[in-house]
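Structural overview
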Amino acid sequence: MNKSDITTTEIKAEESHRQDSADLLVFILLLTLTILTIWLFKHRRFRFLHETGLAMIYGLLVGVVLRYAIHVPSDMNNVTLSCNVNASPATLLVNVSGKFYEYTLKGEISGSEVNDIQDNEMLRKVTFDPEVFFNILLPPIIFHAGYSLKRRHFFRNLGSILAYAFVGTVVSCFIIGLLMYGCVMLMKQIGQLGGDFFFTDCLFFGAIVSATDPVTVLAIFNELQVDADLYALLFGESVLNDAVAVVLSSSIVGYQPEGDNSHTFEAMAMLKSFGIFLGVFSGSFALGVATGVVTLFSLTPFHVTKFTKLRDFPLLETALFFLMSWSTFLLAEACGFTGVVAVLFCGMTQAHYTFNNLSPESQDRTKQLFELLNFLAENFIFSYMGLTLFTFKNHVFNPIFIVGAFLAVFLGRAANIYPLSFLLNLGRKYKISSNFQHMMMFAGLRGAMTFALSIRDTATYARQMMFSTTLLVVFFTVWICGGGTTQMLSCQKIRGFLEQSCLMMDFLCVRLQIGPDGVERRSTKQESVWFFRIWYNFDHNYLKPILTHSGPPLTATLPACCGSLARCLTSPQAYEEQLKDSDSDLILNDSDITLAYGDITVSTDATGAHTSGTPVGGVAVNSDEALDRELAFGDHELVIRGTRLVLPMDDSEPPLPLDSRRHRHKNETMS
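Residues numbered from 1 in each chain as written. Predicted model: local features only at pLDDT ≥ 70, side-chain atom pairs only at ≥ 80, totals over all residues. Heavy atoms only, no water.

Some remarks on the overall build of the protein chain
From N to C terminus, the protein chain includes 26 helices and seven strands. Of all 671 residues assigned to the protein chain, the portion counted as buried reaches 49%. Look at the contacts in the protein chain between residues 6 or more apart in sequence, and 78% of them connect residues 24 or more apart. Working note: accessible area of the protein chain is about 32200 Å², and carbon and sulfur atoms make up 63% of it. (Helix = DSSP H or I, 4+ residues; strand = E, 2+ residues; numbered from the N terminus. Buried < 20%, exposed > 50% of the residue type's maximum accessible area, 1.4 Å probe, protein only. Contact = heavy atoms within 4.5 Å. Areas by Shrake-Rupley, 256 points an atom, 1.4 Å probe, with all protein chains shown as cover.)

Now the structure itself:
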């Protein structure tokens with residue numbers, strides 16, 4: 001290669017670098033503009049549009065500009081050559097006058113776009129590799145969901161959440177798949193189907209649009225302090241059904257009858273796909289929990305001794321925590337499992353065990369770090385969705401398919417919520433009310449996971465049509481359903497916490513049965529899953545003391561004959577430190593429930609007795625009673641007939657202003 005060729009290559013590389021920098025700058029400016037607009041909306045208390053909807057609008061505007069307003073001057077050096085080959089090689093070596101040049105395959109374009117190759121190149125520059133979404137943007141979103149999970153209300157409604165996430169997602173997938181197959185058959189009859197579209201493709205579409213992402217609704221719920229159980233049902237379902245939808249879609253893709261490429265039904269192929277579903281999900285779950293435990297021991301390799309030194313370097317501790325958590329996703333994908341499931345349960349394991357062993361600085365840093373990454377990644381994805389509507393070159397919009405998709409998504413969501421709620425209410429002591437069901441139906445937004453699953457493969461006609469339709473479904477649910485959340489709450493008469501507290505005072509007095517001496521006489525067990533109660537006792541008495549610096553010492557829970565083993569396995573900090581507040585959302589200590597009378601504080605213990613004065617830290621020996629208390633109460637402080645019941649607060653939920661509480665309950669406090 002002569003000097004002029006080298007100079008030309010360097011110039012093109014420099015131009016490409018500048019173009020890439022400009023493209024990234026566009027996305028940074030989009031995020032900046034979104035953040036500034038969010039601040040304005042919060043300042044003005046506008047709730048009709050969430051930041052994700054704003055990000056999509058700004059992305060749409062930029063996409064319109066890039067698609068129709070900017071044209072790159074044609075390059076006369078582009079030459080179209082013809083050669084006969086049987087396949088499309090990934091790389092091509094071209095011999096030009098004895099010099100070999102390497103060209104990389106970028107994808108197929110239609111014949112009508114050959115003259116616009118320069119514009120196509122510009123639009124391809126702002127089109128990211130789908131793997132960027134799965135390997136870079138999705139892990140912090142999913143991990144944050146598990147790491148910030150409100151375990152108190154999650155486990156109180158665990159049975160219902162699992163039913164909605166597993167049974168409901170599968171039901172929704174097949175309902176949508178069957179209805180869309182009917183649309184495809186109609187399109188085929190009237191001649192509007194331009195390529196192959198099998199029943200498995202319809203099921204795949206049903207799986208990806210069954211992944212709900214009510215980020216807009218949950219943000220408004222948190223701001224308005226809406227019922228905690230409704231929040232837990234929606235959040236828990238959306239977290240788990242993302243994982244179920246990913247595994248379900250991969251199982252559908254893996255469906256293939258032996259020696260047949262027509263996608264016909266075969267019992268053995270169906271059973272094989274079901275086996276793939278169970279194997280991938282259970283393997284991903286086990287891998288996520290295992291890596292969470294490995295991270296625990298990596299951060300505190302000698303936690304049973306006094307020589308734990310990594311806590312002395314919070315920056316290194318946070319960096320190791322971050323890298324090992326992210327590597328969980330990549331490890332699962334590399335092993336053939338699903339990273340979404342693995343990193344979700346890794347986050348839950350980290351929050352339950354590892355978080356307690358981190359230094360206070362690292363605890364704050366990890367929570368803030370993943371919250372920030374989640375915020376940026378989500379808004380980036382939604383901005384990119386708006387951009388993609390105009391920059392993606394292979395959209396296939398079919399009116400029949402689009403109308404059918406909206407109808408199928410609505411019916412699939414209804415088949416998920418209403419029949420399951422009816423069946424669940426048969427066994428629930430505290431029913432899921434009809435207005436909660438309507439709200440859950442309305443809150444079935446589609447978002448980042450649906451988009452990421454649909455864009456991962458757009459090579460075929462069917463996948464291109466599904467991707468284009470998915471974008472419209474996401475736009476509609478985020479803008480219309482998300483924007484109408486406040487109005488829907490008002491229509492269904494679902495009150496915020498301040499309003500609920502007034503209605504719950506008499507109810508709590510009956511449940512607590514507070515006597516004249518202010519002592520709680522009895523506590524009715526809240527609905528809970530029997531399996532979880534067994535697991536709670538085992539975890540509280542044995543796993544917590546072994547894996548963390550919190551919980552009761554093993555010397556108090558193991559039999560006397562195991563005294564030497566208990567002393568060896570128990571961390572020295574377990575004798576010195578009380579249970580950390582960060583874990584009070586799952587386990588309550590004696591001092592967690594207090595009754596305050598003026599200047600005197602009365603604390604209840606496991607036996608129902610009480611002591612006056614300042615509460616003394618300690619661990620309840622009766623963990624089953626601690627669980628009853630945990631599952632029976634909410635997060636906030638209520639003033640009840642002159643008695644202030646103080647319950648542990650979740651860090652993510654702001655406390656109620658004291659003046660507001662006093663104003664609300666003025667009559668009760670005076671009595």
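Quick look at helix α14 (residues 399-427)
Look at α14: 43 Å from first C-alpha to last across 29 residues, which is about the 42 Å you get at 1.5 Å a residue. Along its length, α14 shows its largest kink, about 25°, at Ser 421. For α14, the side-chain oxygen to backbone nitrogen distance between the N-cap and Ile 400 is 3.1 Å, and the N-cap itself is Asn 398. (Expected span 1.5 Å × (residues − 1). Bend = angle between axes of the 7 residues up to and from the residue. Polar contact = N/O pair within 3.5 Å; in protein donor to acceptor, adjacent residues only side chain to side chain.)

Quick notes on the pairing of strand β2 (residues 99-104)
Across the six residues that make up β2, only a small minority, zero, are buried. Of the pairings in the sheet, the one linking strand β1 (residues 91-96) to β2 comprises six bridges and is antiparallel in character. Bridge pairing in β2 links Thr 91 to Thr 104. Hairpin remark: β1 followed by β2, antiparallel, with two residues in the connecting loop; positive phi at Ser 97, about 55°. (Pairing = 2+ DSSP bridges.)

Observations concerning the confidence of the model for the protein chain
Residues at a pLDDT of 70 or more form 69% of the protein chain, whose mean pLDDT is 75. Considering only residues more than four positions removed or in separate chains, one finds that residues 631-671, a stretch of pLDDT under 50, has 99 contacts. (pLDDT = per-residue confidence, 0-100.)

So, the state of the cysteines
The final tally for this structure, using the stated rule, is zero disulfides. Cys 183 takes part in no disulfide bond, and the closest cysteine sulfur to it belongs to Cys 202, at a distance of 8.5 Å. When its relative accessible area of 0% is taken as the criterion, Cys 202 is described as buried. (Disulfide = S-S within 2.5 Å.)

Digging into the pattern of salt bridges
Proximity of charged atoms lets side chains of opposite charge pair with each other. By the definition in use, this model includes five salt bridges. Glu 237 is paired through a salt bridge with Arg 413; the nearest N and O atoms lie 2.7 Å apart. On the criterion of sequence distance, the pair formed by Glu 237 in helix α9 (residues 228-253) and Arg 413 in helix α14 is long-range, its members being 176 residues apart. One exposure class covers both Glu 237 and Arg 413, and it is buried. In this structure, the salt-bridge partner of Asp 457 is Arg 463, at a minimum N-O distance of 3.1 Å. Accessibility expressed as a relative area gives 12% for Arg 463, which makes it buried. (Salt bridge = Lys/Arg side-chain N within 4 Å of Asp/Glu carboxyl O.)

Comments concerning the environment of Val 403
Note that Val 403 resides in helix α14. The sequence separation of Val 403 and Cys 183 amounts to 220 residues, and the corresponding C-alpha distance is 9.2 Å.

Here's the deal with the nonpolar core
Soluble globular proteins tend to pack their nonpolar side chains together in the buried interior. Met 180, Phe 205, Phe 221 and Phe 401 are the most contacted members of the largest nonpolar core, which has 91 residues in total. Considering each element in turn, this core owes the most residues, 14 residues, to α9. Those residues in contact with Phe 205 that lie beyond four places of it in its chain are Ile 176, Met 180, Phe 401, Ala 405, Met 466, Thr 469 and Thr 470. (Core = buried A, V, L, I, M, F, W, Y, C linked by side-chain atoms within 4.5 Å.)

Topic: unusual backbone geometry
The backbone of Lys 493 sits at a positive phi, close to 60°, despite the residue not being glycine. With respect to the secondary-structure elements, Lys 493 resides in the loop between α18 (485-491) and α19 (497-512).

Side note on a nonpolar patch on the surface
Taken together, the side chains of Leu 179, Leu 407, Phe 410 and Leu 411 define a hydrophobic patch exposed on the protein surface, amounting to about 370 Å² of accessible area. If you tally residues by element for the nonpolar patch, the top one is α14, at three residues. With respect to the secondary-structure elements, Leu 411 resides in helix α14. The exposure class of Leu 411 is partly exposed, given its relative accessible area of 35%. (Patch = residues over 30% accessible without salt bridge, like charges linked within 9 Å, V, L, I, M, F, W, Y side chains within 5 Å.)

Notes on the side chain of Thr 388
Its place among the elements puts Thr 388 in helix α13 (residues 360-391). With sequence-adjacent residues up to four places away left out, Thr 388 is seen in contact with His 395, Phe 451, Phe 467 and Leu 471.

Focus: the packing of aromatic side chains
The relation between two aromatic rings is expressed through the spacing of the ring centres and the mutual angle of the planes. The tally for this structure, following the rule as stated, stands at 27 aromatic pairs. Through successive ring pairs, a cluster of aromatic residues spans Phe 27, Phe 133, Phe 380, Tyr 384, Phe 392, Phe 451 and Phe 467. Its end group placed over the ring of Phe 134, Arg 456 keeps NZ or CZ at 3.8 Å from the ring centre. The ring of Phe 204 has Arg 463 lying over it, and the distance from NZ or CZ to the ring centre is 4.1 Å. (Phe/Tyr/Trp six-rings, centres within 6.5 Å; stacked < 30°, edge-to-face > 60°. Lys NZ or Arg CZ within 6 Å of the ring centre and 35° of its normal.)

Observations concerning the packing of α13 against helix α17 (residues 461-483)
The geometry of α13 relative to α17 is characterised by a closest axis approach of 11 Å and an angle of 130° between their N-to-C directions. Between α13 and α17, the angle is such that the two are oblique. The two elements α13 and α17 meet at a crossing, and its hand is left-handed. Of the residues in α17, those in contact with Phe 382, Met 385, Gly 386, Thr 388 and Leu 389 of α13 are Phe 467, Leu 471, Leu 472, Val 474, Phe 475 and Val 478. Classifying every residue of the contact of α13 with α17 gives nine nonpolar, two polar and no charged. (Axes fitted to C-alpha atoms, helices over the stretch in contact; angles between N-to-C directions. Parallel < 35°, antiparallel > 145°, perpendicular 65-115°, else oblique. Left-handed = near helix turned anticlockwise from the far one by under 90°. Nonpolar A, V, L, I, M, F, W, Y, C, P; charged D, E, K, R; others polar.)

Quick look at the side chain of Gln 437
Position of Gln 437 among the secondary structure elements: in helix α15 (residues 434-442). For Gln 437, the side chain forms a polar contact with the main-chain oxygen of Ile 432, separated by 2.9 Å. In this view, Gln 437 contacts Ile 417, Tyr 418, Ser 421, Asn 425 and Ile 432; residues no more than four positions away in its chain are not counted.

Points about the packing of helix α10 (residues 267-299) against helix α12 (residues 339-357)
At a closest axis distance of 7 Å, the pairing of α10 and α12 adopts a crossing angle of 30°. In terms of orientation, α10 lies roughly parallel with respect to α12. For the pair α10 and α12, the sense of crossing is right-handed. Contact with α10, carried on its side by Phe 281, Ser 284, Phe 285, Gly 288, Val 289, Thr 291, Gly 292, Val 293, Thr 295, Leu 296 and Leu 299, involves Val 341, Ala 342, Phe 345, Cys 346, Thr 349, Gln 350, Tyr 353, Thr 354 and Asn 357 of α12 and no other residues of that element. Residue composition of the contact of α10 with α12, grouped by class: eleven nonpolar, nine polar and no charged.

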